[in-house]
Amino acid sequence: MEEPSVTPPKTQKAEPPVQITIKNPEWGYARLKMIYDPPYTAESPSYPPDILTWRATLTMCLTQFFGLMGSAIHIDILYLENDEAWLRLPKNDTTMFAAAVSGYVGIIEGKNVGFKTLGMGDFLMGVLGKGEEDALWA
Amino acid sequence: MFHDLNIPWTPTSPDLPRTIAFLDELGYNVVALNHTISGKFSQSHVNPISPDPFPQHPRLKILRRVTVVLDDPAQCHHLTSLVNYYDLVALRPTNDKLLLQACSSLECDLISIDLSQRLSYNLKHKIVGTAIQRGVFLEICYSASIHDVAARRNLMQNAASLIRATRGRGIIISSEARKAVGVRAPFDVMNLATLWGLSQEKGREAVGGLSRTVVIQAGLKRRSFRGVIDIVDNGALPETVQQKNKRKAEDENNDGKGKGKPAKGQQKQPQKQNERQGGQQLSKRAKKAAARAAATTGVS
């Protein structure tokens, strides 16, 4: 036997959407890929590069371009996957960082190494989403 | 007015007189000698710095300060006793929990983190903002970066992140120089601060205005009641004013003998001045009579 129908509760008035303007984001996010020439084979013990290699290479890169001020840029390595890294740095320093990273060529274990910027922006989700978008259409 | 609120002091400091002389020459007005304490200290602590250590520099005001290196929470209980012995009390927390405690609840004038080493934690706006709202300011010490390259890099990174976390407010800069060569002139310090991300006017405040606020606030805490009353002297008039008042009282007495004392509230001073200048002391009645006589002779 079905229950007698009950009138649905009165719907609450929808609250107006909250609007937030983010004027000065504190952090900028970057997604970098370390490129080796000639490339590593998949079985090599040095691949994928570990966090210390990333840290040392980034410091060398920034020191080469901007000296002490460059090496003093605060960089947080958020996540590593294969040869990609997700980085966080203060918003003011993103320009310097982008400039240093784009032109850097170094040598690790006899191989030439450089960085490829996969994305840079104010929001981590935006930066990651862009990379996934490329994978979608590949 | 330029302040350098951190000059390390030890019982045997061979370089200290030269450092103080150099600071005087560079134009600093207020200097604080800093005694660092770490570990446990007793309630009945004695200030080892003598009250007037450098009388040969009369233009330089010398304050006495203590920095307590906070290693463990048990030190926090005795902090209030230090307030009576030193002009400034500063805390140096060594980890983030102690930093949080120092910023939110501990009684001090300054929080001075050692920025020349790698910090194992991030400086967050919420934590340092609480300190600044309470009136506890944060200090950056620049001298460590002068000799050591690694310290310079760490200092730059940490100072930049501290300035970002505080949005530039509530920061003072001091030297912590152990030798005279580690001290820089006030405007050079301001330029150095712009490298770390502090704007020009905030840098000027960090060396002058805000440091003065710190010193005055610390003084108020010690000498006034609820920040309202500070009696400067007992209200006795200075000597020159006392003599003037005596003369005035004497003059009033002399004129009063001629025709009765002037009524209260009536200021006959300008008139008396004129009479005195004329060389004669004419009473009002005599003057009226002379005026009447002059009028009648003039008419007739």
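Throughout, residues of each chain are indexed from 1 in the direction in which the sequence is written. Written order determines the labels here, with chains lettered from A and ligands numbered from 1. Selection of residues for local features in this predicted model requires a pLDDT of at least 70, selection of side-chain atom pairs for listing and counting requires 80 or more, and totals for whole chains, interfaces and linings are taken over all residues. As a rule here, side-chain values cover all heavy atoms of the structure and leave hydrogens and water aside.

1. Here we look at the overall build of chain B
Within chain B, the secondary structure is distributed over eleven helices and seven strands. The burial tally for chain B puts 42% of its 300 residues in the buried class. By definition, residues are in contact when any of their heavy atoms lie within 4.5 Å. Across chain B, every contact between residues at least 6 apart in sequence was considered, and the portion connecting residues at least 24 apart equals 73%. Each accessible area value is a Shrake-Rupley result obtained with a 1.4 Å probe; residue values ignore everything except the protein chains displayed when judging cover. Element-wise, carbon and sulfur atoms account for 52% of the exposed surface of chain B, whose accessible area totals about 17100 Å². Each helix is a run of H or I in the DSSP string that is no shorter than four residues. Each strand is a run of E no shorter than two, and both are numbered from the N terminus. The rule is simple: take the accessible area with a 1.4 Å probe, protein chains only, and divide by the maximum for that residue type; under 20% is buried, over 50% is exposed, in between is partly exposed.

2. Considering the sheet that holds strand β4 (residues 88-93) of chain B
All names here are of chain B. Strand pairing is assigned whenever DSSP identifies at least 2 bridges connecting the two strands. Spatially, the seven strands line up as an open sheet ordered β1-β2-β3-β4-β5-β6-β7, and their pairing is parallel. Lying at the two open borders of the sheet, with one neighbouring strand each, are β1 (3-8) and β7 (171-174). Averaged over all adjacent pairs, the angle separating strand axes in this sheet is 35 degrees, with direction ignored. Here an angle of 0 to 180 degrees is reported between the N-to-C directions of two axes, which are lines fitted to C-alpha atoms, with helices fitted over the stretch in contact. Against the sheet, helix α1 (residues 16-26) contacts β1, β2 (30-38) and β3 (61-70), and its axis sits at roughly 170 degrees relative to β1.

3. Things to note about the environment of I132 of chain B
Residue and element names in this part refer to chain B. Following the sequence through the fold, I132 ends up in helix α4 (residues 125-134). Sequence separation between I132 and Q75 is 57 residues; the distance between their C-alpha atoms is 22 Å. Each residue touching I132, except ones within four places of it in the same chain, is listed here: L138, T166, R169 and G170.

4. Points about the sheet that holds strand β4 (residues 106-108) of chain A
Neighbouring strands of a sheet are bound in pairs by backbone hydrogen bonds; such pairs are parallel or else antiparallel. Residues and elements named next belong to chain A. One open sheet holds the five strands; their spatial order is β2-β3-β1-β5-β4, and the pairing between them is antiparallel. The open sheet has two edge strands, β2 (76-81) and β4, and neither has a second partner. On average, each strand axis in the sheet is tilted by 35 degrees relative to the strand beside it, whichever way the strands run. The pairing of β2 with strand β3 (residues 84-90) spans five bridges and is antiparallel. Opposite D76, over in β3, you have R88 as the bridge partner.

5. Points about the pairing of β3 of chain A
Residues and elements named next belong to chain A. Among the seven residues of β3, seven are classified as buried, and the element is accordingly described as predominantly covered. As judged from the seven bridges shared by strand β1 (residues 27-37) and β3, these two strands associate in the antiparallel manner. Across the sheet, Y29 pairs through a bridge with R88, a residue of β3. Counted between consecutive antiparallel strands, the loop separating β2 from β3 contains two residues, among which N82 sits at a positive phi close to 55 degrees.

6. Points about the UniProt feature "domain: Ribonucleases P/MRP subunit Pop8-like" (unreviewed entry) in chain A
UniProt positions are given in the numbering used here, feature names are shortened, and annotations may be inferred rather than shown by experiment. Look at the UniProt record and you will see "domain: Ribonucleases P/MRP subunit Pop8-like" (unreviewed entry) annotated at residues 26-104 of chain A. When the span residues 26-104 of chain A is considered, its composition is 38% helix and 30% strand, and the gap between its end C-alpha atoms is 26 Å.

7. Quick word on the layout of surface pockets
Any residue with an atom within 4 Å of a point lines the site, the site being either a cavity, points on a 1 Å grid over the protein atoms alone where a 1.4 Å probe fits but cannot get out, or a pocket, an open set with protein on both sides within 12 Å along at least 5 of 7 lines. Grid points are joined across faces, edges and corners, and a volume is the space filled by probe spheres set on the points. Reported here for the largest pocket is a volume of approximately 520 Å³. Forming the boundary of the largest pocket are 25 residues, of which P90 and N92 of chain A together with A160, R164 and W196 of chain B lie nearest the centre. The leading source of residues in the lining of the largest pocket is helix α6 (residues 149-166) of chain B, at five residues. Residue composition of the lining of the largest pocket, grouped by class: twelve nonpolar, seven polar and six charged. As a volume, the second largest pocket reaches approximately 440 Å³. Lining the second largest pocket are 21 residues, with R55, I73 and I75 of chain A together with R118 and Q157 of chain B sitting closest to its centre. For this classification, the nonpolar set comprises Ala, Val, Leu, Ile, Met, Phe, Trp, Tyr, Cys and Pro, the charged set comprises Asp, Glu, Lys and Arg, and every other residue, Gly included, is treated as polar.

8. Digging into a positive patch on the surface
Within the patch definition used here, like charges are joined within 9 Å and nonpolar side chains (Val, Leu, Ile, Met, Phe, Trp, Tyr) within 5 Å, considering only residues with over 30% relative accessible area and no salt bridge. Take a side-chain nitrogen of Lys or Arg and a carboxyl oxygen of Asp or Glu: if they are within 4 Å of each other, that pair is a salt bridge. Under the counting rule used here, the positive set is Lys and Arg, the negative set is Asp and Glu, and His together with the chain ends is not counted. Just so you know, the charge point we use is NZ for Lys, CZ for Arg, CG for Asp and CD for Glu. Side chains of K284, K287, K288 and R292 of chain B sit close together on the surface and give a patch of like positive charge. Accessibility expressed as a relative area gives 36% for K287 of chain B, which makes it partly exposed.

9. Focus on the nonpolar core
The criterion is simple. A nonpolar core is a set of buried Ala, Val, Leu, Ile, Met, Phe, Trp, Tyr and Cys residues joined through side-chain atoms within 4.5 Å. Counting residues in hydrophobic clusters, the biggest one holds 62 residues, and the most contacted among them are Y28, L33, L82, I111, I140 and W196 of chain B. Considering every element that reaches this core, the biggest residue donor is α6 of chain B, with six residues. Setting aside residues no more than four positions away along its own chain, Y28 of chain B makes contact with F2, H3, D4, L23, L60, Y142, V183, R184, A185, P186 and V189 of chain B. Judged by nonpolar contacts, the second largest core, of 22 residues, contains M34, F97, V113 and F115 of chain A.

10. Quick notes on the interface of chain A and chain B
It is common to report an interface's size as the accessible area lost on association of the parts. With ten residues of chain A in contact, the opposing surface of chain B contributes eight residues. Joining two parts hides part of their accessible area as seen by a 1.4 Å probe, and the buried area is that hidden amount summed over both. Here chain A and chain B share an interface that buries about 1000 Å² over both sides, 59% of which is from carbon and sulfur atoms. The largest per-residue losses of area from chain A upon contact with chain B belong to L68, M69 and A72 of chain A, which jointly make up 47% of the total buried on that side. On inspection of chain A and its partner chain B, the count reaches zero salt bridges. For the side of chain A that touches chain B, the elements supplying multiple residues, two or more each, are α1 (51-71) and β3 of chain A. With three residues, the top contributor of residues to the side of chain A that touches chain B is α1 of chain A. Tallied by class, the residues present in the side of chain A that touches chain B amount to five nonpolar, two polar and three charged.

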